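# Observations on chain architecture
Each chain, letter by letter, is given below.
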Amino acid sequence: EIYQCDWSSDVCSSDLVTTGNTDLRNANFTGELIARSKTLRLSILTRWLYSEDSGTLFARNAFGTIKLDFFITKKFYFYTSALFEQDTFQDLQLRTSINAGPGYQFIDKGDYASPHLKDMELYGEIGLGFFNEDFKIATDQNFFSGRWAVKFDWPVMPMIHIFHQHQGFPSLEGISDFYVTSQQGVRFTLIKNFISTMQLNWKYDNTPSPGNKSSDFQYLFTLGYSFET
């Protein structure tokens, strides 16, 4: 029986033509679904970004994760997860990672009685898996990896929600090869379930495709809607 199901989506898009013959198209979509029963929790995160100016492409990338948690006790669980990612400007056709391991729910909803802390959540995970990168030009690479992850959600008050989550994938075959991805920001409730989000996405690939930087930042300001049952 599912007793918690949260879905939030942020969308921002534009299609603008000016007298200076500028044709600007920007679009992005971010969605997150969390469905939970007493013993299971399903988490899905999706993100897509596209930017074009006068026929010149500036950004096109997609990111998605899916994770299923099996709770052994109220706090301790085992998970299995998958990550998928594409980035045209990072020479990346597809990055995938399949993982499994233990996790611990350090803080859960209802642990604190304070109205400013009662909905706070924090968990951490470690695990093992397989990491694969398919490039358009560079040599493809894959390796057995470790994984760590942290997720923190804090609805400080009904109108302000602080969030952070990141995952790290260190290679078990070479200490110089690792990948980290994260997203963090503040979400504001505007009217009823309509939300606005200021968000920073950061990812770091210690061995990027030749000609690309290791660190990559995205700054997003989005409008969206949140469903909760």
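Residues numbered from 1 in each chain as written. Predicted model: local features only at pLDDT ≥ 70, side-chain atom pairs only at ≥ 80, totals over all residues. Heavy atoms only, no water.

## Topic: the overall build of the chain
To be explicit about the condition: Here a strand is any run of E in DSSP of at least two residues, a helix any run of H or I of at least four, and the numbering for each starts at the N terminus. Any residue under 20% of the maximum accessible area for its type is buried, any over 50% is exposed, and the rest in between are partly exposed; the area is computed with a 1.4 Å probe on protein chains only. Contact criterion: two residues are considered in contact whenever any of their non-hydrogen atoms come within 4.5 Å of each other. Where accessible areas are quoted, they stem from the Shrake-Rupley method and a 1.4 Å probe; at the residue level, only the protein chains shown are allowed to cover.
Regarding its fold elements, the chain presents zero helices and 12 strands. Of the regular secondary structure in the chain, the N- to C-terminal order runs β-β-β-β-β-β-β-β-β-β-β-β. Going through the 229 residues of the chain one by one, you find that 44% of them count as buried. A sequence separation of at least 24 residues applies to 51% of the contacts in the chain between residues at least 6 apart. Split by element, the accessible area of the chain, about 12,200 Å² in all, is 67% carbon and sulfur.

## Digging into unusual backbone geometry
In the Ramachandran plot, D91 falls in the positive-phi region, its phi being about 60° despite a non-glycine side chain. Note that D91 resides in the loop between β5 (76-87) and β6 (92-107). With relative accessibility at 8%, the residue D91 sits in the buried group.

## A few points about the confidence of the model for the chain
This is how the line gets drawn: Note on scores: pLDDT gives the predictor's confidence for each residue, bounded by 0 and 100.
Of all residues in the chain, 85% attain a pLDDT of 70 or more, and the chain-wide mean is 84. Scored below 50 in pLDDT, residues 11-22 shows 26 contacts in the model against residues more than four places distant or in partner chains.

## Structural notes on the environment of F84
Residue placement: F84 occurs in strand β5. Residue class for F84 comes out partly exposed when judged on its relative accessible area of 40%. With 11 residues separating them along the chain, F84 and R95 place their C-alpha atoms 5.6 Å apart. Contacts of F84, omitting those with residues within four sequence positions, involve A62, F63, G64, R95 and T96.

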